[in-house]
Amino acid sequence: MKTTFHVQNLKCGGCAKTISNKLSGIKEIKDVIVEKDSSSVSFDHQSADDASLVKETLRKLGYPTIDDENSIVDKAKSFVSCASGKMAR
């Protein structure tokens, strides 16, 4: 199945790289595409549990989906994730 989540706090290539790297490391997740212009994350998976795992991983990284609360903690996490992605270039 192909799923797309629209996320908050996705601002740059560093953010996109962190998201792509972390999600690509999940065994059940394939073909991760992160579009910063539309703040979307698309991926292939086998089950609803896989999609839930991606959603939870995004939240832990600081990129909650648009239907979730975007707390100051999420914003701070996304800043750290962004910086990590930029340094990993």
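Quick look at the structure, then. (Residues numbered from 1 in each chain as written. Predicted model: local features only at pLDDT ≥ 70, side-chain atom pairs only at ≥ 80, totals over all residues. Heavy atoms only, no water.)

## Here we look at the side chain of Ser81
Now for step 1: Structurally, Ser81 can be placed in helix H3 (residues 72-87).
Now for step 2: Contacts of Ser81, omitting those with residues within four sequence positions, involve Gly14, Thr18, Leu61 and Tyr63. (Helix = DSSP H or I, 4+ residues; strand = E, 2+ residues; numbered from the N terminus. Contact = heavy atoms within 4.5 Å.)

## Things to note about the sheet that holds strand S3 (residues 40-44)
Now for step 1: In spatial order, the strands read S1-S3-S2; together these 3 strands make up an open sheet with antiparallel pairing. The sheet terminates laterally at strand S1 (2-6) and strand S2 (30-35), the two strands that pair on one side only. Strand-to-strand, the axes of this sheet are offset by a mean angle of 15°, without reference to chain direction.
Now for step 2: The sheet contacts of helix H1 (residues 13-24) involve S2 and S3, and relative to S2 the element is tilted by about 165°.
Now for step 3: In the packing of helix H2 (residues 48-61) onto the sheet, contacts are made with S1 and S3, and the angle to S1 comes to roughly 25°. (Pairing = 2+ DSSP bridges. Axes fitted to C-alpha atoms, helices over the stretch in contact; angles between N-to-C directions.)

## What about the packing of aromatic side chains?
Now for step 1: According to the stated counting rule, one finds 1 aromatic pair in the structure shown.
Now for step 2: Pairing Phe5 with Phe43 gives two aromatic rings, centres 5.6 Å apart and planes at 45°, and the pair type is tilted. Of the two residues, Phe5 is situated in strand S1 and Phe43 in strand S3; the sequence distance between them amounts to 38 residues. Across the pair, Phe43 and Phe5 agree in class, each one buried. (Phe/Tyr/Trp six-rings, centres within 6.5 Å; stacked < 30°, edge-to-face > 60°. Buried < 20%, exposed > 50% of the residue type's maximum accessible area, 1.4 Å probe, protein only.)

## Remarks on the packing of H1 against H3
Now for step 1: Two numbers describe how H1 lies on H3: the axes approach to 7 Å, and their chain directions differ by 90°. The angle between H1 and H3 places the two elements in the roughly perpendicular class. Contacts from Gly14, Cys15, Lys17 and Thr18 in H1 reach Ser81, Cys82, Ser84, Gly85 and Lys86 in H3.
Now for step 2: Across the contact of H1 with H3, the residue classes tally to 2 nonpolar, 5 polar and 2 charged. (Parallel < 35°, antiparallel > 145°, perpendicular 65-115°, else oblique. Nonpolar A, V, L, I, M, F, W, Y, C, P; charged D, E, K, R; others polar.)

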